[in-house]
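Tertiary structure, described
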Amino acid sequence: MKRIFIFLLTAAHVISVFSQNIPEGYILQYQQDFSGKEPISDFRSDDFQIWGVKSAGGNRFLEYNHSTDIDSSDHSPLSICLVDNYIFGDFIIEASIMLGGDSAGSDISILFGLKDSLQFYGVIIASTQEDKDSTVFIVENSQPVRVPSTLIRNIRCTPGKWHRIRVERDIVDTSIKVFFNDMKKPYLKTKDRTYIMGYIGFGSGSGKGKIDNIKIWSQTSIPEPAGFLIKNK
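The structure reproduced in this document is the subject of the present report. (Residues numbered from 1 in each chain as written. Predicted model: local features only at pLDDT ≥ 70, side-chain atom pairs only at ≥ 80, totals over all residues. Heavy atoms only, no water.)

1. A closer look at the overall build of the protein
Scanning the protein from N- to C-terminus turns up one helix and 17 strands. Here the protein, with 233 residues, has 48% of them falling under the buried criterion. Summarising the internal contacts of the protein: among those between residues at least 6 apart in sequence, 72% fall at separations of at least 24. Roughly 11,700 Å² of accessible area belongs to the protein as shown, and the carbon and sulfur atoms make up 52% of that amount. (Helix = DSSP H or I, 4+ residues; strand = E, 2+ residues; numbered from the N terminus. Buried < 20%, exposed > 50% of the residue type's maximum accessible area, 1.4 Å probe, protein only. Contact = heavy atoms within 4.5 Å. Areas by Shrake-Rupley, 256 points an atom, 1.4 Å probe, with all protein chains shown as cover.)

2. Focus on the sheet that holds strand β5 (residues 79-83)
Across the sheet, eight strands lie side by side as β10-β9-β8-β7-β15-β5-β2-β17; this open sheet has antiparallel pairing. Across the chains shown, the open sheet's two edge strands, defined by having one partner strand only, are β10 (143-147) and β17 (230-231). Direction of pairing for strand β9 (residues 136-140) relative to β10: antiparallel, over a ladder of five bridges. Across the sheet, residue Phe137 finds its bridge partner in β10, namely Arg146. (Pairing = 2+ DSSP bridges.)

3. Brief notes about the packing of aromatic side chains
With the rule as written, the count across this model stands at twelve aromatic pairs. Between Phe61 and Trp162, the ring centres sit 6.3 Å apart and the planes meet at 65°, which makes this aromatic pair edge-to-face. Here Phe61 is found in strand β4 (residues 59-65), whereas its partner Trp162 is found in the loop between β11 (150-151) and β12 (163-170), with 101 residues between them in sequence. Note on Phe61: relative accessible area 3%, which makes it buried. For the cation-ring pair, Arg166 lies above Phe179, with the distance from its terminal atom to the ring centre recorded as 5.4 Å. (Phe/Tyr/Trp six-rings, centres within 6.5 Å; stacked < 30°, edge-to-face > 60°. Lys NZ or Arg CZ within 6 Å of the ring centre and 35° of its normal.)

4. A word on the side chain of Arg44
One can find Arg44 in strand β2 (residues 43-45). The exposure class assigned to Arg44 is buried, which follows from its relative accessible area of 14%. For Arg44, the contacting residues outside a window of four places in its chain are Ile80, Cys81, Leu82, Asp84, Pro225, Ala226, Phe228, Leu229, Ile230 and Lys231.

5. Quick word on the nonpolar core
Core analysis: the biggest nonpolar cluster contains 41 residues, and Phe43, Trp51, Ile93, Ile125, Phe202, Ile211 and Ile214 have the highest contact counts within it. With five residues, strand β6 (residues 91-99) is the single largest residue contributor to this core. Ile93 has contacts with Ile110, Ile165, Arg166, Val167, Ile200, Phe202, Ile214, Lys215 and Ile216, leaving out every residue within four places of it along the chain. One finds Leu114, Ile124, Tyr199 and Ala226 within the second-largest nonpolar core, a separate group that totals twelve residues. (Core = buried A, V, L, I, M, F, W, Y, C linked by side-chain atoms within 4.5 Å.)

Distances and angles like these do not, on their own, reveal function.
Listed below in C-alpha cells is the structure:
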C-alpha cells in the first residue's frame, strides 16, 4: 500500500509538471506569491506611491493604483515595476492579474526585454480591450510603436476577476507568444529581434489592478541589479 501511495504521489507530481507546458531545459528562476516577508524588496519602480503589496481576504498581491484616470491609448505605460536582479533572454512568465472592478479604464502591461525605462517590449491587457489593442508594442527612446502581430482570437479581461497571463520569448527564432487563461494556445503572436535580453516587469497607464503568483522559467539568467528605477528596501 505504501508503494502504491508513493507511486500515486509521483505520478501526480509528473502530471502537475507537464501540465505547466514548460520546455525541456527550462527551470524555475523566480517565483513570488507575496506571502513572505517584505516581497516588495524584489522590485524596482519609478513610483512606489502607485505600486505596493496589499492584502484582501487573506491573500496578498502586488497592487497598482493610479489616483487619476489618464489616457494611455499610446500603449506606453506611465508607471513601471520590474523584477530586480534577473536579466533574461529566452523566458516564460506566468502571472495572475486582476483589473480594477470599479474603473472603466484599467490596464496592465507585461513588460520584457527592459534595457531601461525607455527601451522595452510590452503586451497590454485592458478592461476595454479592442482588436487594435491586442498587440505587442515596443518602446524605443520613450516612443511606443506597435509590432505587427497575428491576433488568433479575441480576449476579454473581465474587471474584478482573476485571469492568468503567459508570455513566451524565444530569442533564437525571435518569437513572442502571448496566452490568456488558456496556457496551451496563444491568442497573440509575433516576431521581433530588436531587444535580445533584459529585465521583466509590469506597467500601467490608468486605473488600478492586482498581480499575483508570478513564475518565470528560463534556461539561464544573469544576476545583475537594474541600474535604473528605485529600489524599495
